[in-house]
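Notes for the structure review
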Amino acid sequence: QVQLAESGGGLVQAGGSLRLSCAASGRTFSTYKMGWFRQAPGKEREFVAAMTWSGSNTYYADSVKGRFRISRDNAKNTLYLQMNSLTAEDTAVYYCVAGGGGEAYYPGTYGYWGQGTQVTVSS
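Attention here is on the structure that accompanies the text.

The rules behind the values
Residues numbered from 1 in each chain as written. Predicted model: local features only at pLDDT ≥ 70, side-chain atom pairs only at ≥ 80, totals over all residues. Heavy atoms only, no water. Helix = DSSP H or I, 4+ residues; strand = E, 2+ residues; numbered from the N terminus. Rg over C-alpha atoms; globule rule 2.2 N^0.38 Å. Buried < 20%, exposed > 50% of the residue type's maximum accessible area, 1.4 Å probe, protein only. Contact = heavy atoms within 4.5 Å. Areas by Shrake-Rupley, 256 points an atom, 1.4 Å probe, with all protein chains shown as cover.

Notes on the overall build of the protein
- Check the secondary structure of the protein and you find zero helices and 11 strands.
- Along the chain direction, N to C, the helices and strands of the protein fall in the order β-β-β-β-β-β-β-β-β-β-β.
- The C-alpha radius of gyration computed for the protein amounts to 13 Å, which stays within 12% of the reference 14 Å derived for 123 residues, consistent with globular compactness.
- Considered along the principal axes of its C-alpha atoms, the protein spans approximately 40 × 25 × 25 Å.
- Residue burial in the protein is summarised as follows: out of 123 residues, 43% are buried.
- In the protein, once contacts between residues fewer than 6 apart in sequence are set aside, the share between residues at least 24 apart is 56%.
- By element, 46% of the accessible surface of the protein is carried by carbon and sulfur atoms, the whole surface being about 6,200 Å².

In structure tokens, the structure reads:
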């Protein structure tokens, strides 16, 4: 089993930056990809970004390309999401996910989900 613990969410002004962290524990060596989804109030859950632990592949939703950067520290089993140029449309609960080698954008690829961390962007 893998446990994921997000942190770093909070309230920021539009145009500001925030870095989310996801600490993974348990059977972390069994995972192949990790990433982030988000869900805004009244909206569908959407893919944000993902990467393989090897770092050979990264994936971004069109809405965050050029603004968000996913990275990892394999030795610390920690995933990061650096979010820049934030807008009100980025307001959502952000979920850290981990899973296997399926389609990066498909929620079913990820068997492990964190509890979520709230990001609120004021305009």
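Having seen it, we continue.
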